[in-house]
Amino acid sequence: MTKRERIRAALNGQPVDRTPYSLWYHFRLDPPVGEAMAQAELDFYHRYDPDLLKVMHDIPYEMPEGLALVESPADWSRLQVLEGNRGSFGQQLATLKSILAGRGDDGPVVDTVFGTFATAEKVCGKRTLELLRQDPEATHRGLRTITESLCNYARALVASGIDGIYLAISGAASDTMSEDEYRSTFLAYDQQVLAAATGAWLNVAHQHGVGIYPNLVLDLQGYQVYSWSGQLEGNPGVSAIRPKTDLCLLGGVNEATFGKVSPSEVLRQAKEAIAAGGDTFILGPGCAVPTPPDSSDENLKSFQAAVAA
C-alpha cells in the first residue's frame, strides 16, 4: 500500500498492510519558516519515513503594528482579522508548497493550526482567562477576531492542496480550566475552525493538556483523527478512548519520557498501543517529542520498528 492508501484505510477501519505511523518535533529554527524550514521538514520526512507528515507551525501569530502583546482588555479591539494567504500565514503556505513539492511520494501532509484559546494565550502572555474575567465583552471581541483569522487560514490551507489541518486545542483539560468554562467559552470557536477546514479529508483534532475532557472534543464535528497525550498521568490511554469513538486515533507513545527511555521501551509502548487501537489507529506520540539531541535517533526510528510487518 502507498502511504495515502494506508492512511485512508485506517480512517475507514479497512485492512492495512501494517499500522501507519507519524511523529514530529519542533525544529527550533530562526526564522521558523521559509526554505530552511521546508528543508528541515523534508530531511526529517525522508529519514524517518512517517506515513503522515505533521508540519510544525512555529511562526508567531501576526500582531498589528505597535502592539506586541495584548496587556489589557482594551487591547483586544486592536487585533485585526488576518487574511489566510498573507503575512505570516502566507509565509507558512509558501513553506508548505515547498514541502509538498519535495516529498517524493504520496504521503499526506497536515499543517498545525493552534486553536482559539491556544492562540489567545500566545498573544496575551497566557492571561486569557484573567482578561476574560475582567472584561468578557472585550475579550470575546478579541477571540472572535482570532477565530475569524484562523478560519481564513484553514480555508487557505484547504485551497492550497494540503490534506488537512492539525488543530491543536488547548483549554479542554482540568490543568487549564473547568469543563463548563471551556464548553461555554471556547468550544464553539474551535468548532468554527474545524468547520472552515471541512473541504479537507484528513483533519486531526489534538487535545492538549492533562486531565482532559475527551467527550468535549470527541463531540466536535469536521475531523477524522483524534490525537491526545494518552500516556500522561491523569489522561485516559488508548484502551480507554477506543470504546468512546469510531474515529481514527493517533497516539500511543509517551512524549514526556521519550528522550529518557530506551528504544526497547518506546517499542513496548508502541506495540501495546497498536494492540489497543484496533483497525482505526495511527501510531504516534501524544504530542511533539523532544528536539534532537534530546531525542535519540534510535528512539525516533523505533516507530518504524514497531509497525514493521
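Residues numbered from 1 in each chain as written. Predicted model: local features only at pLDDT ≥ 70, side-chain atom pairs only at ≥ 80, totals over all residues. Heavy atoms only, no water.

K.L.:
Residue-level account of the layout of surface pockets, with values.
P.N.:
Its boundaries defined by the atoms lining it, the largest pocket holds a volume of some 700 Å³. If you go around the largest pocket, you meet 35 residues; those closest to its centre are F114, A118, K122, A168 and S170. For the lining of the largest pocket, the secondary structure elements donating two or more residues are α3 (87–102), β2 (109–114), α4 (116–123), α6 (136–160) and β3 (164–169). Counting residues per element, the lining of the largest pocket draws most heavily on α4, which supplies five residues. Here the lining of the largest pocket is built from residues that sort into 17 nonpolar, 11 polar and seven charged. A volume near 160 Å³ is recorded for the second largest pocket. If you go around the second largest pocket, the residues you meet are G230, Q231, G237, V238, S239, G252, R268, Q269, E272, A273 and A276. At the level of elements, α10 (238–241) and α11 (263–277) are the ones that each hand at least two residues to the lining of the second largest pocket. Looking at which element gives the most residues to the lining of the second largest pocket, the answer is α11, with five residues. When the residues that make up the lining of the second largest pocket are grouped by side-chain class, the tally is three nonpolar, six polar and two charged. (1 Å grid on protein atoms, 1.4 Å probe; cavity = no way out; pocket = protein on both sides within 12 Å on 5 of 7 lines; lining within 4 Å. Points joined across faces, edges and corners; volume = space filled by probe spheres on them. Helix = DSSP H or I, 4+ residues; strand = E, 2+ residues; numbered from the N terminus. Nonpolar A, V, L, I, M, F, W, Y, C, P; charged D, E, K, R; others polar.)

K.L.:
Can you break down unusual backbone geometry residue by residue, with the values?
P.N.:
With omega at 5°, the peptide bond leading from D30 into P31 counts as cis. Mapped onto the secondary structure, P31 falls in the loop between α1 (3–12) and α2 (35–48). Backbone geometry at R28 places phi at a positive 60°, although glycine is not the residue there. Inspection of the secondary structure puts R28 in the loop between α1 and α2. For R28, a relative accessible area of 64% translates into the label exposed. (Buried < 20%, exposed > 50% of the residue type's maximum accessible area, 1.4 Å probe, protein only.)

K.L.:
An account of the pairing of strand β6 (residues 248–253) is requested, with residue identities and associated values reported.
P.N.:
Within β6, six of the six residues are buried, leaving the element largely enclosed by the surrounding structure. Pairing analysis gives three bridges linking strand β5 (residues 225–228) to β6, with the strands arranged parallel. Bridge pairing links V225 to C248 in β6. Of the pairings in the sheet, the one linking β6 to strand β7 (residues 281–285) comprises five bridges and is parallel in character. Looking across to β7, one finds that G251 is bridged to L283. Following the chain from β6 across α11 to the adjacent parallel β7, one finds a crossover that is right-handed. (Pairing = 2+ DSSP bridges. Right-handed = clockwise from strand over helix to strand, strands pointing away.)

K.L.:
An account of the nonpolar core is needed here, citing residue identities and associated values.
P.N.:
Within the largest apolar cluster, 100 residues are counted, with the highest numbers of intra-cluster contacts made by W76, F186, Y223, Y226 and L283. A total of eight residues in this core trace back to one element, the largest contributor, which is α6. Each residue touching Y226, except ones within four places of it in the same chain, is listed here: A205, Q207, I212, P214, V217, L218, I241, C248, L249 and L250. (Core = buried A, V, L, I, M, F, W, Y, C linked by side-chain atoms within 4.5 Å. Contact = heavy atoms within 4.5 Å.)

By themselves, these figures tell us nothing about what the structure is for.
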